[in-house]
Amino acid sequence: MTTLWVVCVLLTACAGGSRHGTLRFVDTETAGKARHAAYVAEQASARAATQAMASPLVRAIPPAVLALMQQEHDADELEQQLVACAVQAEQLGNARYFKDRPPTRQECAEVVEQDRCGKPVTRAMKLGKQKHVLALQCAEAVLKELWPAPFSIEQRYRYYPNARFLETISRAKEAQLIADGCTDELRGTIKPDIVLHEDRNLLKSALTLDFKFPCPDTNPARWTEYGSNSPYAYESQGAIYEKALGGRAMLVSPKAGVEPFKR
């Protein structure tokens, strides 16, 4: 209806009747402007309809960033490529030990080693770490091509929920704390896989993404829930990521793809 009205107004303004009742047609330039106005209106409507049907990830991207992305790529490509990274990491990680099949429930639960603190490490835990390395290497290459703003990979933050205060921990400081052995110094910190920023404010998220590799693969992808000794007791990772960083939190997994955190 809007498109038709634009065309009619332009045509009426540029055409008139003579004393003999004949119609004087618009000139070529004015008709071209009318057609262009109609085209612009139609394209705007089409973009709005497309975004309304877009994936949760695309809908969560800030409009300014989305506009920059669409100049070069289809915004859905970001989601497709990140999911492809998860699928590739799943396949390569399993292939190291199981050739062309995923591990069974029993194999996932098997204790394969102990960490530096003497705690048992299951095959599911070890596979998950290895798959994360592969997925994040792939994701970094994807983001360099498709995300037009800054992003952080495995940045550790310290979040004070009562004060609503967030600060970064440098990689050097993190490495020093880990090298010191079994310490509680990292208690109360968070370390999302990927934080996509809208601008240069690296304490603010547009989107926060975590890769999840359920083992066995028939399990659903889930956010980790913090235990009773955590400052975030009984809350999920997704909830804390959103409170601390502000942006929407989403899971990326090989089977389910991208899933937004459900409040």
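Here the structure is a predicted model, which means the values were calculated and not measured. (Residues numbered from 1 in each chain as written. Predicted model: local features only at pLDDT ≥ 70, side-chain atom pairs only at ≥ 80, totals over all residues. Heavy atoms only, no water.)

Trainee: What exactly am I supposed to notice about the state of the cysteines here?
Mentor: Linking two cysteines covalently via their sulfur atoms produces the bond known as a disulfide. Under the definition given, this model contains 2 disulfides. One disulfide in the model links C85 with C138; its S-S distance is 2.0 Å. Around the S-S axis, the bridge from C85 to C138 shows a dihedral of about -70° and counts as left-handed. Residue C85 is found in helix 5 (residues 76-98), and its partner C138 is found in helix 7 (residues 123-146); the two are separated by 53 residues along the sequence. C108 shares a disulfide with C215; S-S distance 1.9 Å. Measuring handedness by torsion sign, the sulfur bridge of C108 and C215 sits at about -80° and is left-handed. Of this pair, C108 sits in helix 6 (residues 105-109) while C215 sits in the loop between strand 10 (207-211) and helix 9 (237-245), placing them 107 residues apart in sequence. Like C108, the residue C215 is buried in the burial classification. (Disulfide = S-S within 2.5 Å. Helix = DSSP H or I, 4+ residues; strand = E, 2+ residues; numbered from the N terminus. Buried < 20%, exposed > 50% of the residue type's maximum accessible area, 1.4 Å probe, protein only.)

Trainee: Whenever I open this one, the pairing of strand 10 confuses me. Can you help?
Mentor: Of all 5 residues making up strand 10, 5 are buried, and the element is well covered by its neighbours. The side-chain alternation of strand 10 yields two buried faces, one formed by L207, L209 and F211 and the other by T208 and D210. Of the strand pairs in this sheet, strand 10 and strand 11 (residues 248-253) are connected by 5 bridges, and their pairing is parallel. Considered in strand 11, the bridge of D210 is made with L251. Tracing the backbone out of strand 10, into helix 9 and back to the parallel element strand 11 gives a crossover that is right-handed. (Pairing = 2+ DSSP bridges. Right-handed = clockwise from strand over helix to strand, strands pointing away.)

Everything listed here is a matter of geometry and, on its own, says nothing about what the molecule does.
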